[in-house]
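Coordinate inspection notes
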Amino acid sequence: MDFSLSDEQLALQDTARRFAREVIQPAAAEFDQSSEFPHAIMKQAWELGLSCVSIPTEYDGVGLSVFESCLIVEELAWGCSGMTTSIMANDLGLTPILVGGTEEQKKEWLGLLTDETFRQIAFCLSEPAAGSDVAGLQLLAEKDGDSYVLNGTKCWITNGGVSELFTVFATLDRASRHKGICAFVMTSDLPGISIGKKEDKMGQRASDTRVIHFDNVRVPTAQRLGEEGKGFKIAMQTLDTTRPSIGALACGIGRRGLEESLAYANERKAFGFPISGFQAVQFMLADMAKDLEAARLLTLQSAWMIDQGLRASKYSSFAKCFSTDMAMKVSTDAVQVFGGNGYTKEYPVEKLMRDAKLMQIYEGTNQIQRLVIARELLKE
């Protein structure tokens, strides 16, 4: 067991940290207020090799491990979790290609993400009536000759309004549940695809979240990922792989909350003394630190297991569930440490609290994570 990072990993971590401090954090409040998408910052992250990091070197990618991607994500999330969600969503979107694609599909579609043109790819799984219940997809894919015709709606799609590529999950038979699901890769400008409203969210407002409509969208059979009916497995393998990064994102929020609270507690005085001298505040800071450390260890352990090819469903759920609950508690306590100031937009902790709430919901609610954990335990 070795907890040290290599020189290359330390350099990667430092690059992400400097980008977060010099580029993301100074712009975070502005994009949170306007809810505009930070196109230029997304492109800068891609140019630095901080986006699409999971593409293997044989397809001209940087080929980072899940462990290394978590190092990047925590640093970026310290600056703004909304922007980080949009940066890391590219790896979520392309993972179904890595999991289910043929060699030809990987060369073609991953090549579009590594050539000289900056492109983004969105993961289209959630639907109005199928969020946690992935097997209940209603987007219908009907076979027609050498194509499939897609009809239905996706919702809560990260980067849905700014992506040139989509990985899309649809069902051949709405009554067949997980057995009929297929995965596809396509461009976002196919006839019949229309981008719906941009969600006006409580937090992570710099991230573009959309409804996407499919109206008789024709997709060639050659763009199906894996065999018919294997889409559910591809989706689950994708989420198992990407959940440690959600844990890392939560750690970034938690670390920022702790750092802001420590600095403020040393500066703010009450009854003639810095509030850091009061045990009630000290205990809050201590809980923040211990829970953050535990969350980071769970996250990196699950990432390491995936990189080793080990079965990690339970551990990915440990990391996602514990870390995101931690981020919510730490950010809420940070607002408490700041008192009335924490409730105003003049200070950064209210944004951390709004951003953290989404962490308990997306990529599988924490209630679903507990179900996964319980089922894995009962199999043992």
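Before reading further, recall that the structure is shown in the block above.
The structure displayed is predicted, hence computed values, not measured ones. (Residues numbered from 1 in each chain as written. Predicted model: local features only at pLDDT ≥ 70, side-chain atom pairs only at ≥ 80, totals over all residues. Heavy atoms only, no water.)

**Details of the overall build of the chain**
What counts here: Only DSSP runs of H or I reaching four residues or more are called helices, and only runs of E reaching two or more are called strands; each is numbered from the N terminus. For a compact globule the rule gives 2.2 Å times the number of residues to the power 0.38, and the radius of gyration it is set against comes from C-alpha atoms. Type-normalised accessible area, obtained with a 1.4 Å probe on protein chains alone, sets the label of each residue: buried when under 20%, exposed when over 50%, and partly exposed for intermediate values. What sets the accessible areas is the Shrake-Rupley method with a 1.4 Å probe; for residues, cover comes only from the shown protein chains. When charges are counted, neither His nor the chain ends are considered; positive counts come from Lys and Arg and negative counts from Asp and Glu. A charge is said to be at NZ when it belongs to Lys, at CZ for Arg, at CG for Asp and at CD for Glu.
The helix and strand tally for the chain stands at 10 helices and 10 strands. Computed over C-alpha atoms, the radius of gyration of the chain comes to 21 Å, within 12% of the 21 Å expected from 2.2 N^0.38 for 380 residues, which places it in the range of a compact globule. Once the C-alpha set of the chain is aligned to its principal axes, its extents read approximately 80 × 50 × 40 Å. Here the chain holds 380 residues, and the buried ones make up 55% of them. As displayed, the chain has an accessible area near 16,800 Å², and 54% of this comes from carbon and sulfur atoms. Taken together, the 39 basic and 50 acidic charged side chains of the chain have centroids lying 6 Å from each other.

**So, the pairing of strand β5 (residues 181–187)**
Operational definition: Pairs of strands are assigned from DSSP output, requiring at least two bridges between the strands.
Counted residue by residue, β5 has six buried out of seven residues, so it is predominantly covered. As defined by bridge partners, strand β4 (residues 165–171) adjoins β5 across seven bridges and the pair is classed as antiparallel. What sits directly across from F166, in β5, is M186. Of the pairings in the sheet, the one linking β5 to strand β8 (residues 224–225) comprises two bridges and is antiparallel in character. What sits directly across from A183, in β8, is L225.

**Examining the packing of aromatic side chains**
Note the threshold: When two rings of Phe, Tyr or Trp (its six-membered ring) have centres within 6.5 Å they constitute a pair, described as stacked for plane angles under 30 degrees, edge-to-face for angles over 60, and tilted for the intermediate range. Definition used: whenever NZ (Lys) or CZ (Arg) falls within 6 Å of the ring centre and also within 35 degrees of the ring normal, the charge is taken to sit over that ring.
Within this structure, the stated rule accounts for eight aromatic pairs. Ring centres of F338 and Y347 lie 5.6 Å apart, and the angle between their planes is 65°; on these two criteria the pair is classed as edge-to-face. A connected cluster of aromatic rings, assembled from ring pairs, spans Y264, F338 and Y347. Its guanidinium or amino end placed over the ring of W78, R256 lies 4.6 Å from that ring's centre, counting from NZ or CZ.

**Some thoughts on helix α3 (residues 66–79)**
The test is simple: Between the first and last residue of a helix there are one fewer steps than residues, each counted as 1.5 Å, and that sum is the expected span.
The end-to-end C-alpha distance of α3, which contains 14 residues, comes to 21 Å, matching closely the 20 Å that a straight helix rising 1.5 Å per residue would cover. Among the 14 residues of α3, 14 are classified as buried, and the element is accordingly described as predominantly covered.

**Re the packing of helix α2 (residues 39–47) against helix α4 (residues 81–100)**
Which entries qualify depends on this criterion: Lines fitted to C-alpha atoms define the axes here, with helix axes fitted over just the stretch in contact, and angles between the N-to-C directions of these axes take values from 0 to 180 degrees. Convention used here: angles under 35 degrees read as roughly parallel, angles over 145 as roughly antiparallel, angles from 65 to 115 as roughly perpendicular, and any remaining angle as oblique. For any helix crossing, the convention is left-handed if the near helix is rotated counterclockwise from the far helix by under a right angle, and right-handed if that rotation is clockwise. Residue contacts are counted whenever heavy atoms from the two residues lie within 4.5 Å of one another. Under the scheme applied, nonpolar residues are Ala, Val, Leu, Ile, Met, Phe, Trp, Tyr, Cys and Pro; charged residues are Asp, Glu, Lys and Arg; polar residues are all the others, including Gly.
At a closest axis distance of 10 Å, the pairing of α2 and α4 adopts a crossing angle of 55°. The pairing of α2 with α4 is recorded here as oblique in orientation. Note on packing geometry: the crossing formed by α2 with α4 is right-handed. Each of I41, M42 and A45 in α2 lies in contact with α4, whose residues at this interface are M83, S86 and I87. Taken together, the residues of the contact of α2 with α4 break down into five nonpolar, one polar and no charged.

**As for the pairing of strand β7 (residues 209–220)**
Here strand β3 (residues 147–158) pairs with β7 via nine bridges, running antiparallel. Bridge pairing in β7 links T158 to T209. Inspection of the sheet shows strand β6 (residues 193–198) paired to β7 by four bridges, in the antiparallel sense. Across the sheet, the residue bridging to I195 is I212, located in β7.

**Considering the pattern of salt bridges**
As a reminder of what qualifies: Think of a salt bridge as a Lys or Arg side-chain nitrogen and an Asp or Glu carboxyl oxygen that are within 4 Å of each other.
Taken as a whole and assessed by the stated rule, the structure comprises 28 salt bridges. Taking the shortest distance from any N to any O, the salt bridge between R255 and E75 comes out at 3.1 Å. Here R255 is found in helix α6 (residues 231–267), whereas its partner E75 is found in helix α3, with 180 residues between them in sequence. With a closest N to O distance of 2.7 Å, D200 and R205 form a salt bridge. On the basis of relative accessible area, R205 is assigned to the buried category, the value being 15%. A single network of salt bridges, built from pairs that share partners, joins R17, E74, E75, R255, E259, E293 and R296.

**Regarding helix α5 (residues 103–114)**
Given a rise of 1.5 Å per residue, 12 residues ought to cover 16 Å, and the 16 Å separating the end C-alpha atoms of α5 matches this to within 8%. Against α2, α4, β1 (121–124), β4, β5 and β8 lie the buried residues of α5.

**Let's talk about the packing of helix α1 (residues 7–34) against α3**
As a packed pair, α1 and α3 sit with axes 7 Å apart at the nearest point and diverge in direction by 25°. The orientation of α1 relative to α3 falls into the category roughly parallel. When the axes of α1 and α3 are compared, the crossing they make is right-handed. Counting all contacts with α1, which are made through Q9, L12, Q13, A16, R17, F19, A20, R21, I24, Q25 and A28, the residues of α3 involved are F67, E68, L71, I72, E75, L76, W78 and G79. Of the residues belonging to the contact of α1 with α3, the class tally is 11 nonpolar, four polar and four charged.

**Points about a nonpolar patch on the surface**
Short version of the rule: The patches reported here contain residues having more than 30% relative accessible area and no salt bridge. Joining distances are 9 Å for like charges and 5 Å for nonpolar side chains (Val, Leu, Ile, Met, Phe, Trp, Tyr).
A contiguous nonpolar surface patch, about 450 Å² in accessible area, is contributed by M1, F3 and L297. Since its relative accessible area comes to 42%, L297 is described here as partly exposed.

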